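# Observations on the three-dimensional arrangement
So you can see what is in the structure, the chains are spelled out below.
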Amino acid sequence: MNSETGFDPALYERFPTREPRPPAELEELKQVWRAPRGWALLTVVNNNYIGLFYVGAAFLFFVLAGVLALLIRAQLALPLNGILPQETYNQVFTMHGTVMMFLFAVPAVEALGVMLLPQMLAARDLPFPRLSAYAFWAYLVGGLCFFASIFFGLAPDGGWFMYPPLTSRAYSPGINADFWLLGIGFIEISAIAGAVEIIVGVLKTRAPGMTLDKLPVFAWAMLVFAAMIVIGFPAVILGTLLLELERALNWPFFDPTRGGDPVLWQHLFWFFGHPEVYIIFLPAAGLMSMIVPTVARTPLVGYRLVVLALLATGFISFGVWSHHMFATGMPPISVSFFSAASMAVSVPAGVQVFSWIATLSAGKVRWTTPALFAIGSIVTFTMGGLTGVMVALVPFDWQAHDTYFIVAHLHYVLIGGMVFPLFAAFYYWAPMTSRRPLSERLGRWVFGLVFTGVHVSFLPMHLTGLMGMPRRVYTYLPGRGWELPNLISTVGAFMIGLGVLLFVVDLIRNFRFTTGDGAGNVYGGGSLEWLPTGLYSARSIPVVRERYPLWERPGLAEDVQEGRYFLPGAATGVRETLITSTLRAEPQYLQRMPGPSAWPVLAAVFTAGFFLLLTVQAYGPGVVSGVLAVACVLRWVWETDRPMREKHVDVGAGIRVPTYATGPASHGWWAMVVLLIVAGMIFLMAGFSYVFLWSRRPDLWIPPPDQLWLAAVVGGYAAAGALAWLAARAARRPVSHVFWAPALATLAVAALACAYAADLGSWWAAGLRPDASGQGATVFAILAWQGVMGAAASLMPGYLIARAVAGLLSPVRTSTVDLSALFIGYLAAQGSLGALLVRLFPGGG
Amino acid sequence: MSPPTSTRSTLAEALRGWPPPPLDPAGPHAGAVAALSWALFGMFVAVLLVVVAALLVALFGKPAWRRRLAREKAIWIGGLAFPVVVLTALLVWGLTLTRDLTAAPQPGEMRVRVTGEMWWWRVVYLDGEGRAAILDANELHIPAGTPVTLELEAADVIHSFWIPRLAGKLDMIPGRRNILRIQADSPGVYAGQCAEYCGGPHALMGFVVVAHAPAEFERWRAERLAPPAPPPDAFAARGAQLFETAGCGACHRVRGTGAEGLAGPDLSHVGARRSLGAGILPNNHGALAGWIADSQAIKPGNRMPPYRVLSGEELRALAAWLGSRR
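Residues numbered from 1 in each chain as written. Chains lettered and ligands numbered in written order. Predicted model: local features only at pLDDT ≥ 70, side-chain atom pairs only at ≥ 80, totals over all residues.

## A word on the overall build of chain A
In plain terms, the rule: Secondary structure elements are defined from DSSP: runs of H or I of at least 4 residues count as helices, runs of E of at least 2 residues count as strands, and each element is numbered from the N terminus. As defined in this context, the radius of gyration uses C-alpha atoms, and a globule is described by 2.2 Å times the residue total to the power 0.38. Counts of 20 or more other C-beta atoms within 10 Å of a residue's own C-beta define buried residues, counts of 12 or fewer define exposed ones, and intermediate counts define partly exposed ones; C-beta atoms are placed from the backbone. By definition, residues are in contact whenever their C-beta atoms, placed on the basis of the backbone, come within 7 Å of each other.
A tally of regular secondary structure across chain A gives 24 helices and six strands. Over its C-alpha atoms chain A spans a radius of gyration of 27 Å, differing by no more than 12% from the 28 Å that the globule rule assigns to 845 residues. In terms of overall dimensions, chain A has a C-alpha envelope of 80 × 75 × 50 Å along the principal axes. Every one of the 845 residues in chain A was classed for burial, and the buried ones make up 63%. Pairs at least 24 apart in sequence give 82% of the contacts found in chain A among residues at least 6 apart.

The structure is reproduced here in structure tokens:
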């Protein structure tokens with residue numbers, strides 16, 4: 001049988017069902033999914049709202065960072081101009097880059113994922129709606145506070161890449177640099193949360209029958225995006241932690257006088273920083289691959305090639321980071337590798353460009369605003385890609401690096417590759433969530449102004465750079481011939497500003513938010529988000545048999561709306577969505593979903609408070625805020641993993657699925673695994689830092705403690721792992737043994753703590769100090785990471801005991817224990833590997 | 001390979017951005033890169049034309065052409081085969097050139113250590129044993145026609161050394177020493193600027209390379225090694241005295257005097273420099289006096305405090321003395 005889970009695909013033939021649905025069913029569905037009103041709207045978790053808030057916030061930061069860009073261009077319009085003093089300018093350009101990259105670009109594409117994916121996959125919502133809400137609020141509160149630093153002259157001024165030692169305590173003594181680390185902290189949290197959400201959402205909540213080769217390209221792009229976040233963000237998370245440790249506690253990761261190395265930061269930053277560009281570009285390319293077929297009214301040509309191109313880009317992009325470091329004096333052999341990889345990464349981009357051209361060629365283009373932006377994107381992005389090929393060649397890069405040539409290149413790539421597709425998406429999807437579409441007439445003006453402005457502004461910059469103008473200069477001397485191109489660039493920048501202003505006017509005049517009666521499919525798209533929807537997404541979840549269901553089955557919308565497919569009502573009387581299998585999207589079980597809650601919002605506010613208060617050095621209140629954040633998270637998690645009355649329910653046409661699953665079938669397991677991969681990547685990066693600093697200054701390394709200690713540490717961790725495994729087994733025993741699992745988990749955590757104490761204590765006794773050398777700094781950083789995760793693990797036994805007392809643990813509902821055991825087991829493995837690495841390598845000393 | 005097109009001899013000419021310095025090479029290293037650059041511009045234009053032409057055909061072309069372009073084969077050819085061929089050819093060229101340009105210095109080459117400081121350059125000419133022979137700042141003198149090895153270091157944060165008409169840039173990183181070889185084919189003045197953001201007045205951190213004909217270079221070196229001359233007149237002598245009493249020697253070194261400070265630029269030959277303030281002002285007595293009085297107004301954020309306590313007369317005396325240090 002052709003099945004992944006044992007589900008019989010012949011059952012799909014029962015749909016669309018014929019018998020009429022009970023009349024009260026739709027009303028109940030609306031009731032279950034209704035959004036809170038008034039102030040309670042702040043507690044909303046539904047993706048229609050959170051998605052829109054998210055997009056709105058990202059656009060707000062785009063406008064704010066855009067205003068900073070206009071200030072930059074005003075200052076550079078004339079040589080020795082005095083509009084912005086030097087210190088202000090250095091803060092403004094740093095904030096422009098940081099806000100655009102971290103507070104606009106990544107959140108914007110993530111926001112579109114939150115907003116569009118459930119509808120595109122015909123899921124009721126993303127699998128962890130409260131996590132989305134938490135990520136959004138942490139991002140909004142944190143982002144606004146971070147941005148406000150510029151009004152107090154406290155904004156970072158070290159450039160968006162924050163190279164130490166310029167950003168170390170010695171050369172940046174103020175708290176400005178800490179604000180950068182804070183701002184990035186939020187976006188790290190919300191990006192990781194979003195990645196968890198999107199990976200699980202795309203892999204587990206697709207409409208039945210939507211096999212991977214029928215997945216909308218945008219969903220593919222978001223899957224690769226999320227995977228890249230999981231691999232790439234840990235490097236910058238570790239980097240920011242190390243830089244803050246160096247600034248706050250004087251651990252010399254980047255200080256060459258004590259065995260650190262400034263280049264370590266560059267490796268960590270760009271290992272994240274270059275994939276980051278594709279993290280931004282791939283979702284936008286996914287948007288293009290959705291919009292272009294609709295514009296041309298024909299399926300995408302080369303679907304499989306495009307998907308392969310997305311995967312290839314994701315893969316190759318992790319081999320190109322050092323092309324930002326060609327001028328650091330790397331050995332020619334590694335330079336050559338990164339040069340070749342940087343050239344190679346342009347090939348999948350070319351594949352996508354030609355797929356869009358082929359699709360336009362296959363169909364008949366309607367000249368709508370999304371079409372204009374899509375075509376503008378192809379031209380602009382191609383130009384940026386070509387200059388990218390140029391700078392991938394090392395000798396040319398040695399001339400172009402850190403000049404305005406690069407400024408031109410990166411703006412062509414990011415605006416052509418991301419901003420234009422985003423504007424196309426704004427116009428294209430607005431009718432889904434607004435009663436009125438945006439104005440086609442104004443849209444043409446917006447496109448005309450922005451497109452012209454971009455080329456007027458950035459084309460001359462190629463020349464300015466070749467004429468010798470470096471980046472990040474607050475002024476320049478007259479007489480160098482840079483005046484005219486700079487003035488032209490400034491004119492172009494203000495044209496872009498005017499275009500964006502006109503877009504805001506369009507939004508104010510025409511955007512009317514709605515969840516039920518949107519203007520609808522005005523551009524004639526063929527994917528599932530154009531089904532009639534409410535807050536519950538599509539009323540019933542259709543069986544998918546093709547890539548463009550709405551084009552190929554004209555009656556589908558009506559059948560879905562009449563409830564003739566899966567899950568036509570609220571089967572269990574609460575919020576729920578259908579979990580399907582990873583490859584073939586066969587129904588597996590019905591997931592209960594949480595409703596509105598204040599806890600994620602409060603947790604987000606206290607998380608923001610924690611970081612902010614620490615940044616302004618209010619340590620006491622900061623710790624209080626941190627404890628409150630943890631308490632709110634625990635309170636929020638407390639409501640999860642609850643028993644449901646029915647063990648199995650009918651999800652339509654007499655097909656019955658369970659209401660609970662454990663292990664790899666469950667969405668919680670997937671989320672925990674993704675989270676542990678993130679933790680593992682952070683650990684791996686810390687291990688890399690250790691080896692890297694050793695390679696720089698082996699003479700500063702001291703011998704490790706006696707190897708008997710290693711045996712004790714590894715033995716302790718092995719015991720913790722075994723106990724965690726036993727706890728998971730014990731959770732499946734009868735209810736009378738309900739305290740076994742918490743007891744075993746307690747022992748496991750105790751074993752973790754003993755092993756950790758032995759590890760830490762023996763290094764201390766051996767005389768290693770974190771502020772003494774690169775060895776001390778990295779060994780204690782690895783230990784600190786283990787300690788932070790261990791602190792999270794130490795909350796688990798108490799939590800499990802409380803669950804047991806409250807009667808929330810049972811032999812069938814084992815997820816809480818399973819996931820705790822998984823976490824503890826992971827920590828045991830991480831602790832052992834860490835100890836083995838730093839005690840055996842380089843050995844003896 | 002495009003031959004050097006012009007030689008610039010004054011500071012103002014050296015600072016000019018036209019023709020674009022990387023495309024107007026004055027030595028073999030920059031020359032090889034310039035040739036590659038022209039090829040890359042050609043590639044840019046050609047590929048862009050192909051893509052735009054394909055796009056125009058897709059949007060407005062005859063149905064027969066459009067049908068051909070709408071096949072998956074078009075993606076294989078345009079998106080895969082075409083770029084792979086073009087990129088491979090370029091890559092081979094680029095990698096070969098990279099290898100040639102990073103060739104190790106020959107024994108016996110002249111060596112100079114250039115250290116990036118916030119926001120100026122320390123220049124130390126090394127003798128055959130690697131010892132400091134001549135100390136200077138913000139200006140480098142080399143013989144034309146022979147390669148010179150530069151040892152690039154940083155004293156505080158990361159800087160980047162870049163003289164576009166002579167070679168590509170190379171970073172100066174604390175704790176590391178990077179080797180850059182430059183060569184000027186003919187005598188002239190070549191300007192550059194710090195390329196790695198180093199905070200504060202990074203925008204105003206320029207550098208000048210002066211290439212001499214070999215015989216003239218030997219004369220220059222002999223002058224630098226000769227014992228310093230006394231102040232030429234009484235006014236300059238007063239300046240020398242002021243230099244001592246105002247405490248300038250705490251930060252600056254002047255060869256042959258008690259001033260041994262190493263925090264700021266070496267002023268032993270400041271009068272011979274073509275620029276002041278690290279490549280930003282043409283050097284003359286007025287500029288010298290103005291710089292001492294309030295360098296913060298000229299280059300905000302630099303490490304030198306203003307000396308507004310000095311009278312105009314005193315400033316002129318100081319300038320006369322420093323200007324005589326050639």
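## A look at the overall build of chain B
In terms of regular secondary structure, chain B is built from eight helices and twelve strands. Its C-alpha atoms give chain B a radius of gyration of 25 Å, clearly above 20 Å, the size a compact globule of 326 residues would have. For chain B, the spread of C-alpha atoms along the principal axes amounts to about 90 × 45 × 35 Å. Per-residue burial for chain B yields a buried fraction of 46% across its 326 residues. Pairs at least 24 apart in sequence give 63% of the contacts found in chain B among residues at least 6 apart.

## Section: the nonpolar core
Residues and elements named next belong to chain A. Applicable threshold: For our purposes the nonpolar core covers buried Ala, Val, Leu, Ile, Met, Phe, Trp, Tyr and Cys residues that link as a set through C-beta atoms within 7 Å.
A727, A745, A748, L752 and I824 are the most contacted members of the largest nonpolar core, which totals 407 residues. Of the residues forming this core, the biggest block, 23 residues, is contributed by helix α7 (residues 262-296). Setting aside residues no more than four positions away along its own chain, A745 makes contact with A724, A727, M796, P797, L800, S820, A821 and I824. The next biggest cluster of nonpolar side chains, apart from the first, holds five residues, and it includes L29, W33, L535 and Y536.

## Considering the sheet that holds strand β4 (residues 139-143) of chain B
Residues and elements named next belong to chain B. For the record, the criterion: Two strands form a pair only when DSSP identifies at least two bridges running between them. Only C-alpha atoms enter the line fits that serve as axes; for helices the fit covers just the stretch in contact. Angles between N-to-C directions range over 0 to 180 degrees.
Taken in spatial order, the three strands make up an open sheet running β4-β10-β9, and their pairing is mixed. Whereas interior strands pair on both sides, the edge strands pair on one side only; in this sheet they are β4 and β9 (188-193). Direction aside, the axes of adjacent strands within the sheet are offset by 20 degrees on average. Direction of pairing for β4 relative to strand β10 (residues 206-212): parallel, over a ladder of five bridges. Bridging from a neighbouring strand, I142 pairs with A211 of β10. Taken strand by strand, helix α5 (residues 214-225) contacts β4 and β10, and its axis lies near 130 degrees from that of β4.

## Here we look at the interface of chain A and chain B
Interfaces are frequently sized by the accessible area removed from exposure as the parts join. What counts is decided by this rule: Residues are grouped as follows: Ala, Val, Leu, Ile, Met, Phe, Trp, Tyr, Cys and Pro are nonpolar; Asp, Glu, Lys and Arg are charged; every other residue, Gly included, is polar.
Taken together, the contact between chain A and chain B spans 68 residues of the former and 73 residues of the latter. Among the elements of the structure, α3 (86-121), α7, α9 (332-344), α10 (346-362), α11 (369-392) and α12 (394-400) of chain A are those that each provide at least two residues to the side of chain A that touches chain B. Ranked by the residues each element gives to the side of chain A that touches chain B, the list is headed by α10(A), at twelve residues. For the side of chain A that touches chain B, the residue count by class is 42 nonpolar, 21 polar and five charged.

## Examining unusual backbone geometry
All names here are of chain A. In the segment running from F15 into P16, the intervening peptide bond is cis, with an omega of -10 degrees. For P16, the location among the structural elements is in the segment before α1 (24-33). A positive phi angle is found at A122, which is not glycine, with a value near 55 degrees. Of note, D641 is a non-glycine position whose phi angle comes to about 55 degrees, a positive value. Within the secondary structure, D641 is located in the loop between α19 (619-638) and β5 (648-650). Classification of D641 by C-beta neighbours within 10 Å gives buried; the count is 20.

## Let's talk about the sheet that holds strand β8 (residues 178-182) of chain B
Residue and element names in this part refer to chain B. The strand order across the open sheet formed by five strands is β3-β2-β1-β5-β8, and the pairing between neighbours is mixed. Because the sheet does not close on itself, it has two edges, and the strands there are β3 (132-137) and β8. Across the sheet, the mean angle from the axis of one strand to that of its neighbour is 25 degrees, orientation sign disregarded.

## Details of the domain arrangement of chain B
Residues and elements named next belong to chain B. Here is the rule: Residue ranges assigned to each domain were obtained from an automatic or database domain assignment.
Under the domain assignment used here, chain B contains domain 1 (28-100), domain 2 (110-225) and domain 3 (234-323). Contributions of two or more residues to the side of domain 2 that touches domain 3 are made by β2 (120-126), β3, β9 and β10. Within the side of domain 2 that touches domain 3, the residues separate by chemical class into 13 nonpolar, four polar and three charged.

## A closer look at the packing of helix α22 (residues 740-765) of chain A against helix α23 (residues 774-805) of chain A
Residue and element names in this part refer to chain A. Threshold: Orientation categories follow fixed angle ranges, with anything under 35 degrees roughly parallel, anything over 145 roughly antiparallel, 65 to 115 roughly perpendicular, and all other angles oblique. Crossing handedness is read from the near helix: turned anticlockwise from the far helix by less than a right angle, it gives a left-handed crossing, and turned clockwise, a right-handed one.
Between α22 and α23, whose axes approach to 9 Å, the crossing angle comes to 160 degrees. One finds that α22 runs roughly antiparallel with respect to α23. Here α22 runs over α23; the crossing is left-handed. On α23, the residues touching A741, P742, A745, T746, V749, L752, A753, Y756, D759, L760 and W763 of α22 are V779, L783, Q786, G787, G790, A793, S794, M796, P797, L800, I801 and A804. The residue inventory of the contact of α22 with α23, partitioned by class, reads 17 nonpolar, five polar and one charged.

## Examining helix α6 (residues 217-249) of chain A
Residue and element names in this part refer to chain A. Put simply, the rule reads: The length a helix should cover is 1.5 Å for every residue beyond the first. At any given residue, the bend is defined as the angle formed between two axes, one fitted to the seven residues that end at that position and one fitted to the seven that begin there.
The end-to-end C-alpha separation of α6 is 46 Å, in line with the 48 Å expected for 33 residues at 1.5 Å each. The largest bend along α6 measures about 35 degrees and falls at G232, with the proline P234 one to four residues further on. With 28 of its 33 residues buried, α6 lies for the most part within the structure. Following α6 by one or two positions, N250 adopts a phi angle in the positive range, close to 70 degrees.

## Digging into the packing of helix α8 (residues 303-316) of chain A against α10(A)
Residue and element names in this part refer to chain A. At a minimum axis separation of 8 Å, α8 and α10 run at an interaxial angle of 155 degrees. Between α8 and α10, the angle falls in the class roughly antiparallel. Crossing of α8 against α10: the hand is left-handed. Within the contact between the two elements, α8 uses L305, V306, A309, A312 and T313 and α10 uses P348, V351, Q352 and S355. For the contact of α8 with α10, the class distribution of residues is six nonpolar, three polar and no charged.

## What about the domain arrangement of chain A?
Residue and element names in this part refer to chain A. Each assigned domain of chain A is listed with its residue range as follows: domain 1 (43-510), domain 2 (598-638) and domain 3 (692-840). With 13 residues of domain 1 at the interface, the matching set in domain 3 holds 14 residues. At the level of secondary structure, the elements contributing two or more residues to the side of domain 1 that touches domain 3 comprise α6 and α7. When residues of the side of domain 1 that touches domain 3 are assigned to their parent elements, the largest contribution, three residues, is made by α6. Considering only residue class, the side of domain 1 that touches domain 3 consists of seven nonpolar, four polar and two charged.

## Quick word on the environment of R635(A)
Mapped onto the elements, R635(A) comes out in helix α19. With 435 residues separating them in the primary sequence, R635(A) and V200(A) have C-alpha atoms 23 Å apart.

## Quick notes on the pairing of β3(B)
Bridge count for β2(B) against β3(B) is five bridges, and the pairing is antiparallel. Bridge assignment links R122(B) to a residue of β3(B), and that residue is A137(B).

## A closer look at the environment of A712(A)
Structurally, A712(A) is set in helix α21 (residues 707-730). Taking the C-alpha atoms as reference points, A712(A) and Q775(A), separated by 63 residues in sequence, lie 22 Å from one another.

## Notes on the confidence of the model for chain B
We apply this condition: The predictor attaches a confidence to each residue, called pLDDT, with possible values from 0 through 100.
Residues with a pLDDT of 70 or more make up 98% of chain B, whose mean pLDDT is 94. Quick note on the complex model: pTM equals 0.96, ipTM equals 0.97.

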